[in-house]
Amino acid sequence: MTPMTIDRDALSDEEFRGQLRAFLAEYYPAELKQDFYRPFRRLRGEPANQWLRTLQQHGWRAPAWPREHGGMGLSFRKQLIYHEELEHAGVARIIDLGETQLGPTLIKLGSAAQCEHYLPRILNCEHVWCQGYSEPNAGSDLASLRTSAVLEGDEFVVNGQKIWTTHANDSTHIFTLVRTGKYAKKQQGISFLLIDLNTPGITIRPIINLAGEDEFCEVFFDNVRVPRDNLVGELDQGWTVAKALLGYERVWIGSPALAGKALDLGQHLVQQLGLESDRGVMDQLAQLQADLHDYRLLYSRICDAIADSGKPPGPEVSMLKVYASELLHRLTEFNVSISGEYGAVVGDVELAGPSAEVTATDLYWQLMMARPVTIFAGANEIQRDILAKTVLGLQA
Amino acid sequence: MQEMDEFIAMLRDSAEGFLADFQASAAAQTTIAEPRPLQRELWSAMADLGWLGLMLPEAQGGLALPLSAAAELVEVMGRYRFPVPYIEAAVLPAQVLASAGNDPLAAQLASGEQLFCLAWQDHPGSEEAFADCTLQDGKISGNKSFVAALEPGSKMLVCVNANGGAAIGLVDSAAAGITVRRSASASGSFCRVSFDRVPFELLLSGAAAQQALASALAAGRLLASAFLSGLARACLRDTVEYLNQRHQFDRKLSSFQTVSHRCVDMHIHIELAEAVWRVAAESGTAATLSAAKARASDVAQDVCRQAVQLHGAMGFTEECAVGEYLRLALQYGNWLGGANAMRRQFQSLRQAEVPV
Amino acid sequence: MSELNIAELLADQLEKLLAAEVSAESLAALENGTGNRALWQHIEAMGVADVMCTGAEAAGLGWQECAELFRVLGRHAAPLPLAETLLGRRLLSQAGLAIPEGPLALVDADISLDDAGCLQGAADMISWAPWATAILGIARRGAETLLFSVAGTAVSAAATELHSLERAPTAAIDFSGMTPQAQAPIAAEASIREQLAVVRALLISGACDKVVELAVEYANTRKQFGKPIGKFQALQHQLAEASCRAAAAEMAAKYACRELDQKQPSTGAAVAKYTASVAAREVSRIAHQVFGAIGITDEHELHYFTRRLWQWRVDAGNERYWSGQLGARVLAAGSAQLWPSLTA
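All values derive from a computational prediction rather than experimental measurement.

Draft legend 1. Structural detail: the interface of chain C and chain B. The interface of chain C with chain B comprises four residues on the first partner and four residues on the second. Approximately 350 Å² of surface area, both sides summed, lies buried where chain C meets chain B, with 51% of it carried by carbon and sulfur atoms. It is Q233(C), A234(C) and H237(C) in chain C that bury the most area against chain B; as a group they hold 89% of the surface buried on that side. Summed over the shared surface of chain C and chain B, the result is zero salt bridges. Classifying every residue of the side of chain C that touches chain B by side-chain character gives two nonpolar, two polar and no charged.

Draft legend 2. Highlighting helix α9 (residues 279–309) of chain A. With 31 residues, α9(A) extends 44 Å from end C-alpha to end C-alpha; this agrees with the ideal 45 Å at 1.5 Å per step. Where α9(A) begins, one side-chain oxygen reaches toward the backbone nitrogen of G280(A), 3.0 Å away; that side chain belongs to D278(A).

Draft legend 3. Representation of unusual backbone geometry within the structure. Positioned with a positive phi, C125(A) is a non-glycine residue whose angle comes to about 65°. Within the fold, C125(A) resides in the loop between α5 (112–123) and β3 (129–132). Positive phi is not limited to glycine here, since A77(C) has a value of about 50°. Following the sequence through the fold, A77(C) ends up in the loop between α4 (63–75) and α5 (82–95). With a relative accessible area of 1%, A77(C) lands in the buried category.

Draft legend 4. Structural detail: the pattern of salt bridges. Taken as a whole, this structure holds 71 salt bridges over all chains when the rule is applied. Put simply, D283(A) and R279(A) hold a salt bridge, and the shortest N to O gap is 2.9 Å. Here R279(A) and D283(A) lie together in helix α9, a separation of four residues that amounts to about one turn. The class of D283(A) is partly exposed, set by a relative accessible area of 26%. Assessed through its relative accessible area of 37%, R279(A) is described here as partly exposed. Among the ionic pairs, E72(B) bridges to R278(B), the shortest N-O distance being 2.4 Å. Taken together, the positions of E72(B) in helix α3 (residues 67–79) and R278(B) in helix α7 (residues 257–282) put the pair 206 residues apart, joining distant regions of the chain.

Draft legend 5. Focus on the domain arrangement of chain C. Residue and element names in this part refer to chain C. Looking at the assigned domains, one finds that chain C contains domain 1 (3–185) and domain 2 (192–331). Distance between the C-alpha centres of domain 1 and domain 2: 22 Å. At the interface, 33 residues of domain 1 touch 32 residues of domain 2. In total, about 3100 Å² of surface goes out of reach between domain 1 and domain 2, with carbon and sulfur atoms giving 58% of it. Our count for the contact surface shared by domain 1 and domain 2 stands at nine salt bridges.

Draft legend 6. Representation of the packing of aromatic side chains within the structure. All chains considered together, the criterion is met by 26 aromatic pairs over all chains. Centre to centre, the rings of W129(A) and F175(A) are 6.4 Å apart; their planes meet at 45°, and the pair counts as tilted. Of this pair, W129(A) sits in strand β3 while F175(A) sits in strand β6 (residues 173–179), and the two are 46 residues apart along the sequence. A single burial state applies to W129(A) and to F175(A), both of which are buried. Relative to F82(B), the ring of F22(B) lies with its centre 5.1 Å away and its plane at 80°, an arrangement referred to as edge-to-face. On the criterion of sequence distance, the pair formed by F22(B) in helix α1 (residues 2–24) and F82(B) in the loop between α3 and α4 (86–100) is long-range, its members being 60 residues apart.

Draft legend 7. Broad picture of the packing of α7(B) against helix α8 (residues 286–310) of chain B. Residue and element names in this part refer to chain B. Contact pair α7 / α8: the axes reach a minimum separation of 9 Å and the direction vectors enclose 155°. Accordingly, the angle class assigned to the pair α7 and α8 is roughly antiparallel. Pair α7 / α8 crosses with left-handed handedness. Contact residues: α7 offers V259, R262, C263, M266, H269, I270, L272, A273, V276, W277, V279 and A280, while α8 offers T288, L289, A291, A292, R295, A296, V299, V303, Q306, Q309 and L310. In terms of residue class, the contact of α7 with α8 is built from 17 nonpolar, four polar and two charged.

Draft legend 8. How the structure looks around the state of the cysteines. Evaluation of the coordinates by the stated rule reveals zero disulfides over all chains. Here C159(B) is not cross-linked by a disulfide; its sulfur's nearest cysteine counterpart is in C133(B), at 9.1 Å.

Draft legend 9. Looking closely at the side chain of S154(B). Here S154(B) is to be found in the loop between β3 (139–148) and β4 (155–162). Beyond its immediate sequence surroundings of up to four residues, S154(B) is in contact with Q114(B), L115(B), A149(B), D172(B) and S173(B).

Draft legend 10. Expanded view of the confidence of the model for chain A. On average, residues of chain A score 91 in pLDDT, and 100% of them reach the 70 mark or higher. At the low end of the mean pLDDT range in chain A sits helix α7 (residues 246–253) of chain A, at 79; at the high end sits strand β7 (residues 190–196) of chain A, at 97.

Draft legend 11. Spotlight on the domain arrangement of chain A. All names here are of chain A. Here chain A is partitioned into domain 1 (8–94), domain 2 (129–238) and domain 3 (246–391). The C-alpha centroid of domain 3 is placed 22 Å from the C-alpha centroid of domain 1. Across the contact, 16 residues belong to domain 1 and 27 residues belong to domain 3. Between domain 1 and domain 3 the total buried area reaches about 2000 Å² when both faces are included, carbon and sulfur atoms providing 70% of it. Two residues, R296 and E87, come together in a salt bridge whose shortest N-O distance is 3.6 Å. When residues of the side of domain 1 that touches domain 3 are assigned to their parent elements, the largest contribution, six residues, is made by helix α3 (residues 76–88). A class-by-class count of the residues in the side of domain 1 that touches domain 3 yields six nonpolar, four polar and six charged.

Draft legend 12. Main features of the sheet that holds strand β8 (residues 170–174) of chain C. Residues and elements named next belong to chain C. If you walk across this open sheet you meet the three strands as β4-β8-β7, and the pairing is antiparallel. Pairing within the sheet leaves two strands with one partner each, and these edge strands are β4 (122–127) and β7 (159–162). Each strand of the sheet is rotated relative to its neighbour by a mean of 25°, with strand direction disregarded. As paired strands, β7 and β8 are joined by four bridges and run antiparallel to one another. By the bridge assignment for β8, A159 is matched with I173.

Draft legend 13. How the structure looks around the environment of I195(A). For I195(A), the position within the fold is in strand β7. The sequence separation of I195(A) and E234(A) amounts to 39 residues, and the corresponding C-alpha distance is 16 Å.

Draft legend 14. Seen up close, the interface of chain C and chain A. Across the contact, 35 residues belong to chain C and 36 residues belong to chain A. Our count for the chain C to chain A interface comes out at three salt bridges. Among the ionic pairs, E299(C) bridges to R205(A), the shortest N-O distance being 2.7 Å. On inspection of chain C and its partner chain A, the count reaches 16 residue pairs in polar contact (both at pLDDT 80 or more). Elements represented by at least two residues in the side of chain C that touches chain A include exactly β10 (223–224), α8 (233–261), α9 (268–291), α10 (302–314) and α11 (319–333) of chain C. Sorting elements by how many residues they give to the side of chain C that touches chain A places α10(C) first, with six residues. Here the residues of the side of chain C that touches chain A sort into 10 nonpolar, 13 polar and 12 charged.

Calculation criteria
Residues numbered from 1 in each chain as written. Chains lettered and ligands numbered in written order. Predicted model: local features only at pLDDT ≥ 70, side-chain atom pairs only at ≥ 80, totals over all residues. Heavy atoms only, no water. Contact = heavy atoms within 4.5 Å. Buried area = accessible area lost by both parts, 1.4 Å probe. Salt bridge = Lys/Arg side-chain N within 4 Å of Asp/Glu carboxyl O. Nonpolar A, V, L, I, M, F, W, Y, C, P; charged D, E, K, R; others polar. Helix = DSSP H or I, 4+ residues; strand = E, 2+ residues; numbered from the N terminus. Expected span 1.5 Å × (residues − 1). Polar contact = N/O pair within 3.5 Å; in protein donor to acceptor, adjacent residues only side chain to side chain. Buried < 20%, exposed > 50% of the residue type's maximum accessible area, 1.4 Å probe, protein only. Domains from an automatic or database assignment. Phe/Tyr/Trp six-rings, centres within 6.5 Å; stacked < 30°, edge-to-face > 60°. Axes fitted to C-alpha atoms, helices over the stretch in contact; angles between N-to-C directions. Parallel < 35°, antiparallel > 145°, perpendicular 65-115°, else oblique. Left-handed = near helix turned anticlockwise from the far one by under 90°. Disulfide = S-S within 2.5 Å. pLDDT = per-residue confidence, 0-100. Pairing = 2+ DSSP bridges.

Right, dumping it as structure tokens:
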């Protein structure tokens, strides 16, 4: 393992911000930036790996990992700045679950050998990880999962099926929750297992979504033999392993970044289509502008509180996921509704208005890419149940 | 910084004690639709606590605390649905007197021996203050609307048009030529006041008068936002308590998702409101202040209305406190700028401000 | 047999036919560019497309009588331009023009006819234009209102094929400089945009019913936390909201039909399309939330309906357009007319 030699956490917030901004300006490819055409642009596959390697070469990879494991060792507050600057520079989103989820899990609960083997390969993108949690009958009710792993000698034999596995078709490995034991409480008897997707017996089938992308997959396991060493944490204790990071996941999903991009486009559309004199539209826009403005302040307040306390996020971060996802719905719908007939076009559309300027965008893709945000990572109904019980103290 | 945090914690603690005692007393009873005079004894007690001159300089008998400290205090007042015109009779006039640098008057306000109120608004729903009342030969004539906390013996600070320029001056509310039409409000009363050649003592004029009013309104809006945020939080807390106790269909009301999810949404909105007024109090721009007032006005009225629904028939009775919450939400949610007006102001201000 | 029974019988026949013929596969085929022309032939042979024609020998069914027919088309997301053809043939018969074989497409954009007899103007999005034997629209020439018809074969050069939400054959057409195949003055009961708006509102109400039905069925069968998700109040209330929206769309659309039949159109079309467009937005939003992840996949049938809801919401003016129209009307009538208009 190569520890990180640069210590950017020692910089002042302003210096840190300045250095990162300069780095992004110099190295992030202009043609991959988010813009009005693709405000939620994402990178996957080789372009994503290339960019991650560039970050790695310049010591800007894995902001949350400790430096001894090759990460940047940033405080939570600097991580916030890091994300703000990426957003500011229009860097496309990358779903890099190896860095954001598996790495921190291994660092916290994995064995020294696991850290030694996997962490460097995550950083240099030799391994690309996807997450195998959901199953056809275990979505929001994740603890009902049934994919089984039976220990035979030094190997687990895995049988079952995962679904909604994001970008499995771009990945080399999958971290899974599998059932290894039967207990009265269904959260018990689940284990956290690492699986190489090249192992015989694994089939991956992409599912096309309404935006036309194959972002989700089904992953089938038919007598897949996995070394016992690939177990993370204790046998039957996988639920605790997986839960350790859920709070952070909700913080990053709750980021106002996407909503900000959608609002930028909305404001631009209002101008482009000459709607500034329509008081009804302007009032709707004012509501959305105020919602995003206020939400940004709430988001940083909660993030600051997490940073100050030095503890993992509590259940209150479910609020962020609920509000940010529903705001994104409202914004993408506003953009469609003010665009009249343009809103019925699928794919690229050029919007013309009173001015000579023309705006190219893809409203349909945005509308569709915003649909699942209220569903994945725990449907909003589930988040509201959690908040009702734990934060408000409403009794069942 | 840390010293200030400790001081604020103490201020909040002592407010909690005082307001809890008040709420348990008979004096806290309010009646619907009847203008309610300010209780002078209570006002003196508030003066003793230093609340009336909280932000005034020490030379004027004040505590010289920042606006953010006043907002903390007022947030606690909201939590205890304190039906007393603190913002109206203490904060707004004090801001104007401080701007005027008038030590004797400010000291009288801080000690509670003299009541003041600010008569600024020319027309309902308007920001105009220096047009309708005109000053001629040292006397003013014209109208002011929604004058709050005009009590017997109050001195009025009136915004007037002095030969086309702005001016603020002192008017004795007992003077001849004043006609008052009074209506009830949650914190006491609102008045429509007509002046017919009433003597006027000049305190501020020109840009200084405009600046003084602007800072008074900004302080009033911020504190109203903090009050509404505290009010909504307490109203939701009481509602949750009720839902946890009340059974229907052999279950606790709190166990129904349609009820609990609504409470969650209210909670999120209150968190938004609090996040915004706190930023506005510390370092916010003018746009953030408008956003704070818009958010708090919407949230408090929405939470209190929903609380009526969630309390069922009980919520519609005066025996239950929900009505008191709702009336205060209506008052501070619509006075000094309602949600729509404040949101429009936010929209135009944010365009003028340079983004980060 | 009364006329009403003819309409009911037809709706019933169409329901059975579409239930047998329309499936996720046939909808996918249409969207891949191989539509079911045989089904169209069959329906044309049934004579359904002519029932709204007026005149001595025509069935002359009215809007109220045909409301169910349109709703059946919506319920099945029928991969056919039958709604347009029903209305188009009625317009042709009202103007006394010959009715061609085959499907029709309708233009609701502002088009004018110049002194040289050439059309001027363009339409951004015409559903089914690539299939149509003729495209109909209203053109103004001075104070005159003319129904014009352009042969489908004549416009191909001026047409740009579009990908619409519905994924049905759709094109933008610039009519400028074309000479109509036929034209005649028409005294229709309402503008083509209003009539098309009512048609879309009826289709939306049919599709909303179907989507609510699918969502209820899914909520009753999908289990999480040991019980059907329909047992959770959070979902029950969303479904109740969706079915209220669907019912409101149906009522509003039928109200507009009654106005059209009484030849006293006032706000019916605006109310219908506004209400239906809002229903389209809300019902599809709720359905996708109820279905969760499976609903946003291409392989589940839900999107055949929700994409059409989004499309029809936009066609012939979305809710913003029609609320603007209604608002302008109310303002023009003045404050004295507000209360009477609300209580009439």
